[in-house]
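# Reading the structure
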Amino acid sequence: MTDYAPLYTTWEKFKIIGLQLGWVLPVILFFKYMFLPWLNSTNWFLCSTHGLEISIFGIFIGIPLLLVITTLFNTKQMYLILKLGQYPLPNQKTYTLTSYKYGLKAKWISYFYFFLLLPFLIAFCIWGGYAANKMLNGFDQSKLNIERQKICR
């Protein structure tokens, strides 16, 4: 006989979804109606002194670093899964009916997380720095200055 993890009640599910929508919707609306139109109509990255470097490093390092930071929020839970050898953790509620897993069956998610996902994301950040430097050094500065003179009067 297998034991099942406790389930969230319907009210708890609505509460969690509502709290998440409370911060996700304003962020999506801000990006859709304020940030993206501004990005299409601006040339700050050419006219600013370090705007091109900021935008390229933000794409190649900032976005992967944001993924690293968000995955670090789960490290405590993954460590406890490795330590206890049980998934879901004791008294952890789930959305669907989930049976407890023990041993290697429970630990494989944490092994994947610690030994594949996090090192890959960190290596991707390092590669992003190399690629951003290579891209910035590949620009012809004389052509870039001519373009800046045309646009940034």
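The rules behind these values
- Residues numbered from 1 in each chain as written.
- Predicted model: local features only at pLDDT ≥ 70, side-chain atom pairs only at ≥ 80, totals over all residues.
- Heavy atoms only, no water.
- Disulfide = S-S within 2.5 Å.
- Helix = DSSP H or I, 4+ residues; strand = E, 2+ residues; numbered from the N terminus.
- Buried < 20%, exposed > 50% of the residue type's maximum accessible area, 1.4 Å probe, protein only.
- Expected span 1.5 Å × (residues − 1).
- Bend = angle between axes of the 7 residues up to and from the residue.
- Contact = heavy atoms within 4.5 Å.
- Core = buried A, V, L, I, M, F, W, Y, C linked by side-chain atoms within 4.5 Å.

## Topic: the state of the cysteines
- For the structure shown, the criterion picks out one disulfide.
- Sulfur-sulfur distance for the disulfide between Cys-47 and Cys-152 comes to 1.9 Å. Here the disulfide of Cys-47 and Cys-152 is left-handed, its torsion about the S-S bond being about -95°. One end of the pair, Cys-47, is in helix α2 (residues 44-47); the other, Cys-152, is in the segment after α6 (141-151), and 105 residues separate them in sequence.
- Judged by relative accessible area, Cys-47 falls into the partly exposed class, the value being 37%.

## Re helix α3 (residues 51-72)
- When the terminal C-alpha atoms of α3 are compared, their 29 Å separation across 22 residues agrees well with the 32 Å that a helix rising 1.5 Å per residue should span.
- The sharpest bend along α3 measures roughly 45° and falls at Gly-58.
- All of the buried residues in α3 are Gly-51, Leu-52, Ser-55, Ile-56, Pro-64, Val-68 and Thr-71.
- Buried positions along α3 lie against α2, α4 (75-84), α5 (104-138) and α6.

## As for the nonpolar core
- By size, the foremost hydrophobic cluster in this structure holds six residues: Leu-46, Leu-52, Ile-56, Ala-132, Leu-136 and Leu-144.
- Among the secondary structure elements, those contributing two or more residues to this core are α3 and α5.
- Each residue touching Leu-52, except ones within four places of it in the same chain, is listed here: Phe-45, Leu-136, Phe-139, Leu-144 and Arg-148.
- With five residues, the next largest nonpolar core counts Ile-81, Leu-89, Tyr-113 and Leu-118 among its residues.

Everything listed here is a matter of geometry and, on its own, says nothing about what the molecule does.
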